[in-house]
Amino acid sequence: MHGKCKIKVPGGKMVSVKVDYGKKIERVSILGDFFLHPESAINKIEERLKGIDTESGKNAFEMIIANALKEEKASLIGADAGIISSAIEKAINDGMASD
Amino acid sequence: MNNAARNMAIDHAIMDSIRAGNQQPTIRFYRWKPSAVSIGCFQGMNDEVNIDKCNAAGVSYVRRRTGGGAVYHDMDGEITYSVIGNENIFPKNIIESYKTICSWIINGLLRLGIKAEFAPINDIVTSGKKISGNAQTRREGILLQHGTILYKVDFEKMFSLLNVSKEKISDKMIKSAGERVTSVSEHSDAKLEELYAALLAGFVEGKDFFYASLSKEEEDEAADLEKRIYSTYEWNFSR
């Protein structure tokens, strides 16, 4: 299945997520006009989300993203782990609703 | 003036040159020929850019190394700058470093009688409307901030090149953008060259500086980076 979700961060940037998934997340693309230093941390976040049970929910996604950011000593500016995890959860729900 | 891929390659080459100890901190002003759309490094090219319209209009497109949003760089409608130097000469706090570099733009605009202010995260506004957008990256100890100072904006053309839904490319949308975005030409009779002179003076005030061109090594590296990265489908359509 495939789902996507776009969230405008209040006072911040746009976060857009595209998710391919079955029972588990197969691929996540996190897009938008936010800033992430270093930028390469996006690959680590997307990689870490692969294989996660799609029903894990927002809190689990958020923890994975926060841990990846910490490991990479990365800073998100204009978005945060909570917003991205909400977008992932909504994208999955969107995919289920449209299938 | 350079094409889009070369412009991004030059910023990259200067970063490498400073990292290698072969170059001083650098302030660069440039324009885009042909006009181009640049997108942030986390944006999807097909999501943001109407590729067919760009191709038909002879407008090129490139992915930046920096985050932020899509920008239409009209050849005669804006001036782009980049500031490149060792990270440790700028504030460690990212927003503070934006503020520092943006203060040079604000200083330049003031020389044309335009009062502007920094609007975090990465904008400069005058009378509440955006007049400059900026984006920063830090890589292996080197900071690059580049940004655009709008001189004259053709909203209709800009929206035809960017992927906004048809409903949004209405008069209402263009009016709405006009309520959020402004340009130097709305506040000053200055010519583009005069804007450049004012920005240059604003950027260098209080600094020791000299004028220089790219070194042969930087030119060669930029040509290589343009070919290997910034002009490739793999880079530009990687998201």
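Remember, it's a predicted structure, so these values are computed and weren't measured experimentally.

A. Layout of the overall build of chain A. When helices and strands are tallied, chain A shows 3 helices and 5 strands. On C-alpha atoms alone, chain A measures out to a radius of gyration of 12 Å, which is about the 13 Å that the 2.2 N^0.38 rule sets for 99 residues. Over its C-alpha atoms, taken along the principal directions, chain A stretches across nearly 35 × 25 × 20 Å.

B. Representation of the sheet that holds strand E5 (residues 78-86) of chain B. All names here are of chain B. Strands sit in the order E1-E5-E9-E8-E7-E6 across an open sheet of 6 strands; the sheet is antiparallel. Pairing within the sheet leaves two strands with one partner each, and these edge strands are strand E1 (26-30) and strand E6 (117-119). Neighbour-to-neighbour, the strand axes of this sheet turn through a mean angle of 20°, independent of strand direction. Two strands pair when backbone bridges link them, and strand E7 (residues 123-126) and strand E8 (residues 129-139) are joined in this way by 4 bridges, in the antiparallel orientation. Note on E8: the bridge partner recorded for valine 125 is lysine 130.

C. Layout of the nonpolar core. The biggest cluster of nonpolar side chains holds 85 residues, and the ones touching the most others in it are Val17, Ile84 and Ile88 of chain A together with Val37, Val49 and Ile149 of chain B. With 9 residues, the top contributor of residues to this core is helix H1 (residues 4-19) of chain B. Apart from the residues within four sequence positions on either side, valine 37 of chain B is in contact with Val49, Cys54, Val59, Tyr61, Ala70, Val71, Tyr72, Leu161 and Leu162 of chain B.

D. Local environment of the packing of H1 of chain B against helix H8 (residues 216-230) of chain B. Residue and element names in this part refer to chain B. Taken N-terminus to C-terminus, the directions of H1 and H8 make an angle of 125°; their axes are 8 Å apart at the nearest point. The angle between H1 and H8 places the two elements in the oblique class. In this structure, H1 meets H8 at a crossing whose hand is right-handed. Two secondary-structure elements touch here, H1 through Ala5, Arg6, Met8, Ala9, Ile10, His12, Ala13, Ile14, Asp16 and Ser17 and H8 through Glu217, Glu218, Glu221, Ala222, Leu225, Glu226 and Tyr230. A per-class count over the contact of H1 with H8 returns 9 nonpolar, 2 polar and 6 charged.

E. Fine view of the interface of chain A and chain B. If you look at the interface, chain A gives 15 residues, while chain B gives 15 residues. Counting only elements with at least two residues in the side of chain A that touches chain B, the list comes to strand E3 (25-32), strand E4 (35-37) and strand E5 (75-77) of chain A. Looking at which element gives the most residues to the side of chain A that touches chain B, the answer is E3 of chain A, with 4 residues. Counted by class, the side of chain A that touches chain B contains 8 nonpolar, 5 polar and 2 charged residues.

F. Quick peek at the pairing of strand E9 (residues 142-150) of chain B. Residue and element names in this part refer to chain B. Burial analysis of E9 places 8 of its 9 residues in the buried class, the great majority of the element. Looking at chain direction, E5 and E9 are connected through 9 bridges and run antiparallel. Across the sheet, the residue bridging to isoleucine 79 is isoleucine 149, located in E9. Where E8 lies against E9, 8 bridges are found, and the strand directions are antiparallel.

G. Representation of the sheet that holds strand E4 (residues 71-73) of chain B within the structure. Residue and element names in this part refer to chain B. Strand order in this open sheet of 3 strands is E3-E2-E4, and the pairing throughout is mixed. Each edge of the open sheet carries a strand with a single partner, namely strand E3 (60-63) and E4. Across the sheet, the mean angle from the axis of one strand to that of its neighbour is 25°, orientation sign disregarded. Sheet analysis places strand E2 (residues 36-39) next to E3, joined by 4 bridges and oriented parallel. Bridging across to E3, isoleucine 39 finds its partner in arginine 63.

H. Summary view of helix H1 (residues 41-49) of chain A. Residue and element names in this part refer to chain A. Those residues of H1 that sit buried are Ile42, Ile45 and Leu49. Around the axis of H1, the buried residues are gathered within 65° of arc, so they sit on the same side. Those residues of H1 that are exposed and angled more than 90 degrees off the buried face are Asn43 and Glu47. Looking at the residues trailing H1, positive phi occurs at glycine 51, about 85°.

Analysis parameters
- Residues numbered from 1 in each chain as written.
- Chains lettered and ligands numbered in written order.
- Predicted model: local features only at pLDDT ≥ 70, side-chain atom pairs only at ≥ 80, totals over all residues.
- Helix = DSSP H or I, 4+ residues; strand = E, 2+ residues; numbered from the N terminus.
- Rg over C-alpha atoms; globule rule 2.2 N^0.38 Å.
- Pairing = 2+ DSSP bridges.
- Axes fitted to C-alpha atoms, helices over the stretch in contact; angles between N-to-C directions.
- Core = buried A, V, L, I, M, F, W, Y, C linked by C-beta atoms within 7 Å.
- Buried ≥ 20, exposed ≤ 12 C-beta atoms within 10 Å, placed from the backbone.
- Contact = placed C-beta atoms within 7 Å.
- Parallel < 35°, antiparallel > 145°, perpendicular 65-115°, else oblique.
- Left-handed = near helix turned anticlockwise from the far one by under 90°.
- Nonpolar A, V, L, I, M, F, W, Y, C, P; charged D, E, K, R; others polar.
- Arc of directions from axis to C-beta.

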